[in-house]
Amino acid sequence: QFRDKKDEAKNIILLSLESMSDLNHLKKTYGLYKYKNINKLIADSEVYQEVFSPVDATLTYAASMMSGLLPSQHGIGDYSIGSDTFMNQTLNKDLLSLPKRLKQKGFLTFFSGTATRLSSKIGFSDGFDDYYQVNSNYDINRPSINALINGLEAYKKLDKFFFFHLDHLHEPYLSFGNETKPSLHDLSILDPKNKNLYSDLYGLGLSKLDRDIGTLINYLKDEDEYDRTLIIFTGDHGNGINWVKGDDYSLYEERLRVPLLVKHPSWSKGNQGITEGSVNSIFKIHQIINASLDIDFPEAVKSLPQYDEEYKDYIFAE
């Protein structure tokens, strides 16, 4: 591709965090809140107070995030036939997906993610200039915040979109492979008698995420890119601290509640502070990105219930 560089290039970073629950819920229920860099981002962001993911599983989330559709509309999410195989359904190529809409606006588009559910076998790479995915959070080659910074550095003065799906919070919480060395783990945290076992290990993952956020913010500020960057921080679905697969326990608070922080850039002014009311994370994110670049959905999508003003007081989760 041949591109003209520009002095006021736009950056869009969609930080999608595996198993990332609502921050207020984590604070109230588990006492997990002392994360200075996440709090720095909160201070600069529009903070949506009550946010629900329309799905509680990563495969359906990925298809919905790429398409802006509910699972019943895109038809992807049957785990019984393999969530990362060629046998599953793929996204309809006629859809004007999120990366395709951004490419129409001249953006370079990049994806990096950890999770089998985001495999390009399901058609998720369509519309991206570069698509990098590994299967597990203990893979030595898993995407890191440094890969995002490398991309920001390499494509300076070009409009660019990064969709990063980082995993510090999905079980297994600890690995003892080469990528973690040197490290020392307090074995008492692993004692099955420890009633806080899962919340303690989830907190450890949050600490790693907090360091990543700090690294990213420091880079953007050092390079005078922070004000030109739209940052969206959310989760695919909530955590599994008190969740049992196939069970109803804590579905709404533990699995469907997620954060949504939006740090608006200078080229697209937005609110700062707390935004009341309930929203669906994925659909609100599509609306925010569209509004920032003056993009419109096709008529067939605009008329769907999740975007129809008639249903603005409803939250959808399937």
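What counts as what
Residues numbered from 1 in each chain as written. Predicted model: local features only at pLDDT ≥ 70, side-chain atom pairs only at ≥ 80, totals over all residues. Heavy atoms only, no water. Helix = DSSP H or I, 4+ residues; strand = E, 2+ residues; numbered from the N terminus. Buried < 20%, exposed > 50% of the residue type's maximum accessible area, 1.4 Å probe, protein only. Contact = heavy atoms within 4.5 Å. Areas by Shrake-Rupley, 256 points an atom, 1.4 Å probe, with all protein chains shown as cover. Lys, Arg positive; Asp, Glu negative; His and termini not counted. Charge placed at Lys NZ, Arg CZ, Asp CG, Glu CD. Polar contact = N/O pair within 3.5 Å; in protein donor to acceptor, adjacent residues only side chain to side chain. Salt bridge = Lys/Arg side-chain N within 4 Å of Asp/Glu carboxyl O. Phe/Tyr/Trp six-rings, centres within 6.5 Å; stacked < 30°, edge-to-face > 60°. Lys NZ or Arg CZ within 6 Å of the ring centre and 35° of its normal. Core = buried A, V, L, I, M, F, W, Y, C linked by side-chain atoms within 4.5 Å. Pairing = 2+ DSSP bridges. Axes fitted to C-alpha atoms, helices over the stretch in contact; angles between N-to-C directions. Patch = residues over 30% accessible without salt bridge, like charges linked within 9 Å, V, L, I, M, F, W, Y side chains within 5 Å.

(A) Seen up close, the overall build of the protein chain. Counting its regular elements, the protein chain contains 10 helices and 8 strands. Oriented by its inertia axes, the alpha-carbon framework of the protein chain measures out at about 55 × 45 × 40 Å. Residue burial in the protein chain is summarised as follows: out of 318 residues, 51% are buried. Within the protein chain, residue pairs in contact and separated by at least 24 positions form 76% of the contacts whose partners lie at least 6 positions apart. For the protein chain, the exposed area adds up to about 15400 Å²; of that, 48% sits on carbon and sulfur atoms. Both charge centroids of the protein chain, one from 35 positive and one from 45 negative side chains, sit 4 Å from each other.

(B) Molecular detail of the side chain of Lys100. Along the polypeptide, Lys100 turns up in helix α5 (residues 98–104). Its relative accessible area of 19% is what places Lys100 among the buried residues. A polar side-chain atom of Lys100 sits 3.3 Å from the main-chain carbonyl oxygen of Leu95. Filtering out sequence-adjacent residues up to four positions away, Lys100 remains in contact with Lys93, Leu95, Asp126 and Gly127.

(C) Representation of the pattern of salt bridges within the structure. For the coordinates displayed, the defined rule picks out 13 salt bridges. Between Asp7 and Lys157 there is a salt bridge whose closest N-O contact spans 3.8 Å. A residue pair is termed long-range when its members are at least 10 positions apart, and Asp7 in the segment before β1 (11–17) and Lys157 in the loop between α6 (145–154) and β5 (160–166) qualify at 150 residues. The exposure class of Lys157 is partly exposed, given its relative accessible area of 42%.

(D) View of the packing of aromatic side chains. One pass over the structure, following the stated rule, counts 11 aromatic pairs. Above the plane of the ring of Phe52 lies Arg257, whose end atom (NZ or CZ) is 5.6 Å from the centre. When the ring centre of Tyr226 is taken as origin, the NZ or CZ atom of Lys263, which lies over that ring, is 4.4 Å away.

(E) Representation of the nonpolar core within the structure. The biggest cluster of nonpolar side chains holds 44 residues, and the ones touching the most others in it are Phe124, Phe161, Phe163 and Ile232. Listed by contribution, the elements that provide at least two residues to this core are β1, β2 (46–52), α3 (58–67), α5, β5, β6 (229–235), β7 (260–263) and α9 (281–293). Beyond its immediate sequence surroundings of up to four residues, Phe161 is in contact with Ile12, Leu14, Leu98, Leu102, Phe107, Leu108, Thr109, Phe110 and Phe128.

(F) Examining the sheet that holds β1 more closely. The sheet built from 8 strands is open, its strands ordered β4-β3-β5-β1-β6-β7-β2-β8 with mixed pairing. The sheet terminates laterally at β4 (130–134) and β8 (273–280), the two strands that pair on one side only. Each strand of the sheet is rotated relative to its neighbour by a mean of 10 degrees, with strand direction disregarded. Relative to β6, β1 runs parallel, the two sharing 7 bridges. If you follow Ile13 over to β6, its bridge partner there is Ile231. α6 rests against β1 and β5 of the sheet, and its axis sits at about 175 degrees to β5. Against the sheet, α9 engages β1, β2, β6, β7 and β8, with an angle of about 175 degrees to β6.

(G) Focus on a nonpolar patch on the surface. Side chains of Phe176, Leu187 and Leu190 sit close together on the surface and give an oily, nonpolar patch of about 320 Å² of accessible area. Relative to the helices and strands, Leu190 resides in the loop between β5 and α7 (197–222). Classification of Leu190 as partly exposed rests on a relative accessible area of 31%.

(H) Summary view of the environment of Glu318. Relative to the helices and strands, Glu318 is located in the segment after α10 (299–302). In this structure Glu318 comes out as partly exposed when scored by relative accessible area, which is 48%. Sequence-wise, Glu318 and Ser72 are 246 residues apart; in three dimensions their C-alpha atoms are separated by 7.9 Å. Discounting residues that sit within four places of it in the chain, Glu318 has contacts with Pro54, Val55, Leu70, Pro71 and Ser72.

(I) View of the side chain of Ser199. Here Ser199 is to be found in helix α7. Take Ser199: its relative accessible area is 9%, and that puts it in the buried class. Sequence-distant contacts of Ser199, that is, excluding residues within four places in its chain, are made with Tyr30, Leu32 and Ile241.

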